[in-house]
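Inside the fold
The chain contents come next:
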Amino acid sequence: MSVSTANAAVNYSTGNWVWDEALGLNTTYIWNAQSFSGFYYDLDSGIGSEELEIRSIDRNLGVGEIIYTAEPFYTDFKHDEWGSYQVIGFLGDEYFAGYPDGAVEEAIDNVSFIEEGVLAQVLRDTDDKESAYSGSSFVLEGGYALNIVEVDINGSTVWIQLEKDGDVVDDDFLSSNDDYIYEADLGDVKDVPLIIVHIGTVFAGTETSAVFIEGIFQISDNYTKIIPGYFFGEMEVKSISSKEILLENGNNISLDQGSNIATMGELKLRVAEDDILRFAPVREMSIPGTYELRGTVYDGNKDNVPVIWMPFNFEGFYYNIDEGVGTEQITIESLEGRVIPANKLVYNSTVCSMEFEHIEWGNFVVIGFFGEEYVPLLRMGDDIHLAKADKLSRLVIDDDKKYTLRKGESLSLGKGYALEAKQVDVDGKKVWLEFTKDGEFVDDEIISVVSGETGDWIVDLDSIEDEDDVIVMRVHVSQIFQGAVDSLAQIEGLWLIDYENAFTIENDDEYGELEVVAIGNGVAGTNPKFGYLELKNISPLSLDQNSVQQISQGMSFRIADSDTLRFYLFEKASFEGSPGFEVSLYRGDIREGDGYRLNNYVIEITDVFVEANSASYYIYERENMVEDGLLEINETVEFDFEGGGKVRMRLLSVDMGDLLPRAIVEITISNYRVSNLYVNEVTSRDIYTIPLQKGWNLVSTPLIPMNPDVNSIFGDNEDVILPVYTWSPTNKQYYTVNTVRIGKGYWVLALNDTQVTFTGTPYSWLMV
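Residues numbered from 1 in each chain as written. Predicted model: local features only at pLDDT ≥ 70, side-chain atom pairs only at ≥ 80, totals over all residues. Heavy atoms only, no water.

The subject of this paragraph is the sheet that holds strand E34 (residues 345–350). Read across the sheet, six strands follow the order E29-E32-E34-E51-E50-E49 without closing on themselves; strand pairing throughout is antiparallel. At either end of the open sheet lies a strand with only one pairing partner, and these are strand E29 (307–309) and strand E49 (510–511). (Pairing = 2+ DSSP bridges. Helix = DSSP H or I, 4+ residues; strand = E, 2+ residues; numbered from the N terminus.)

Across soluble globular proteins, nonpolar side chains show a tendency to be buried alongside one another. Formed by 51 residues in total, the largest nonpolar core has its most connected members in Tyr68, Phe90, Ile245, Leu247, Leu255, Met264 and Phe279. Residues in contact with Phe279, not counting those within four places in the same chain, are Trp17, Val18, Trp19, Trp31, Ile54, Ile57, Leu255, Leu269, Arg270, Val271 and Ile321. (Core = buried A, V, L, I, M, F, W, Y, C linked by side-chain atoms within 4.5 Å. Buried < 20%, exposed > 50% of the residue type's maximum accessible area, 1.4 Å probe, protein only. Contact = heavy atoms within 4.5 Å.)

Turning to the side chain of Ser259, a few remarks are in order. Looking at the element boundaries, Ser259 is found in the loop between strand E24 (253–254) and strand E25 (260–264). If we ignore the near neighbours within four places in the chain, the residues touching Ser259 are Ser254, Leu269, Arg270 and Val271.

Turning our eyes to something else, we now look at the pattern of salt bridges. The final tally for this structure, using the stated rule, is 23 salt bridges. Taking the shortest distance from any N to any O, the salt bridge between Arg379 and Asp382 comes out at 3.0 Å. Residue class for Asp382 comes out partly exposed when judged on its relative accessible area of 25%. Of the charged contacts in the structure, one is a salt bridge between Arg650 and Glu666, with a shortest N-O distance of 3.5 Å. Of the two residues, Arg650 sits in strand E62 (residues 646–655) while Glu666 sits in strand E63 (residues 662–670), which places them 16 residues apart along the sequence. (Salt bridge = Lys/Arg side-chain N within 4 Å of Asp/Glu carboxyl O.)

Between Val305 and Pro306 the backbone carries a cis peptide bond, its omega angle lying at 0°. With respect to the helices and strands, Pro306 occurs in the loop between strand E28 (289–299) and E29. In this structure, Pro723 follows Leu722 across a cis peptide bond, with omega equal to 5°. Among the structural elements, Pro723 can be located in strand E68 (residues 720–728). Although it is not a glycine, Lys415 sits at a positive phi angle of roughly 60°. Position of Lys415 among the secondary structure elements: in the loop between strand E41 (410–414) and strand E42 (417–425).

A few words now on the side chain of Arg124. Mapped onto the elements of the fold, Arg124 is located in strand E12 (residues 118–126). Residue Arg124 is classed as buried on the basis of its relative accessible area, which comes to 17%. In this structure the side chain of Arg124 is engaged in a polar contact, spanning 3.1 Å, whose partner is the backbone oxygen of Val139. (Polar contact = N/O pair within 3.5 Å; in protein donor to acceptor, adjacent residues only side chain to side chain.)

The next thing to look at is empty space enclosed by the protein. Empty space left among the atoms is revealed by rolling a probe the size of a water molecule over them. Counted by the stated rule, this structure contains two cavities of 30 Å³ or more. By volume, the largest cavity is sized at about 60 Å³. Contributing to the lining of the largest cavity are Phe36, Gly38, Phe39, Glu50, Tyr68, Leu91, Gly92, Met264, Glu266, Leu267 and Arg283. Classifying every residue of the lining of the largest cavity gives six nonpolar, two polar and three charged. By volume, the second largest cavity amounts to about 40 Å³. When its residues are assigned to classes, the lining of the second largest cavity shows six nonpolar, two polar and no charged. (1 Å grid on protein atoms, 1.4 Å probe; cavity = no way out; pocket = protein on both sides within 12 Å on 5 of 7 lines; lining within 4 Å. Points joined across faces, edges and corners; volume = space filled by probe spheres on them. Nonpolar A, V, L, I, M, F, W, Y, C, P; charged D, E, K, R; others polar.)

The values reported here are purely geometric and, on their own, carry no functional implication.
Here it is as structure tokens:
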């Protein structure tokens, strides 16, 4: 059966992960870190920073009806003497948000990152004791290293140097119990403490000297910039302050059946392919790694037993959103302090039915078992309620796609299973199909599609987990026809289970800390019911502070490092990707002279050569040109992006466009979390005019000139006398320049009143 309405309403902390119209849920609904594992959550403090609210829920969401907020909160340094700092969750990731007054033993004044629209990730926060000898280093994150240069002979002072990518950027002399603080500018935030190190003890021995460190805190010098008006996917930054970041959808959004809507960053809204509106937020990872699928949180200060997790509030369970089908539930029936008594942790899963993709076949049965989908074995002729809950197999394929087979052609079904068209009889409207496993014959059948015949073939086999007549495959042949050369058979319905790897669950079988205590048989007839499985903990389970308690089959409880009992159910999910895994960012046109901006980088299409099927480009990082070149159709350019990412642009085609020639391109990114893209859009060049009066003129430009050469900007104007000069405050003298750059002043001599005009990159393109 599907998850019932009664079970869907959780009674602790927050609501469900899935919004389902059939459950009568409020049309204004809120997701936070306790109900959606894609948001950042600090289990130790019990605080989540992010919230997603959707108002007036129906198939069409208007502008401003999706509201995302992120609020900072304080968390303690691991090194207790330093006090606390601010963090904020943003698009599912943890960021540093600021220091309060008096942090690090009164050494740091109040600093608010988010008020300036700057977010940097916390790279390290530890109070582990570490030691290093004179001449060695503490390796930090982001290319930094703290060198222990020398300890004085009295053992009272150490000379340290901080390196960044091999270059010394700072040094200091420190004593025992001193704090070393390295400051740098991040965007508009000046003198930010990026690295804090507590020197525990400086020791000078007779043969060697050492330094003992008892606390390290480091934030990244790569930052995410947030400015009102920026778009993250469909969400526009409406406001930022020291208290909140607010985003709203800037366009209408349709919750169409079967859609997967990229809302912001890696956050999407997955909508069921069903007449009933059913959807859930999901986070689709773009960086390979292992992530937690987290259920709602039990908090001893707020919640009571029983504690229940189901597919609606735990993403780790099997759930088919299109059908609204979920079968699993975990219940903690009672707690004794931090202990779950024996037999009080109960896992249940009940067989339920769902439609075949080829809907003429009706329904088949499934069951979730520790988050994985299985098909209970069913014998030919039996009512589906009699499917064996204790005899399970994986589903290999269930689809209604069209496949065309010629005589002698084979169709791979996966897992070594295949279908081959042995013969096709066009006149008789028949096809002879052979079913194989790993190349070995299993069964065959002649299928007719003449009037009065179904065109179906149901394969049943004996001795599958001691069961005979087990249905293992269904095939629907929709038509036979004569092609220009060959006779063809069209298949439009396939269903197959991996019967060779079926297995049986028996009473007293143990799965981690759980033991099978009941196997329910299905019942057919006037009061039918499906079979079920029930498992319980055979021994008490301790929920120790700051620990992970495994339950079974990859599912565990994570317990907070807190005096308050606070924990959640989770399952680890791996996203492997591949060394070349890429996320598509844009596929469309860029007009000649326009560009595509990714954070501080711009790819500009400088010229489009339609007759030559090519286009030239510049790539900028802020005001610096990184690369330029020419691409022909289907050629690509790749460049290094921030954070180790790589961006690739492929030229698909060129044409004259409506107003200007344009290049149609595809832009992808790899090895980079797309939620960190705060600017990801096509943007246009500007035209700038410099007015000049007769005589000497002090001028500057707010643009990055497309061609910064002085001759390109001033050389064609007969009223301008070259060269152009600038002043060096260091050398206290004027000197000539060959290029014009943003942020600098230049002296230009004009014979008469005149002006020069050029195109360039807006300041907001490249400087954030």
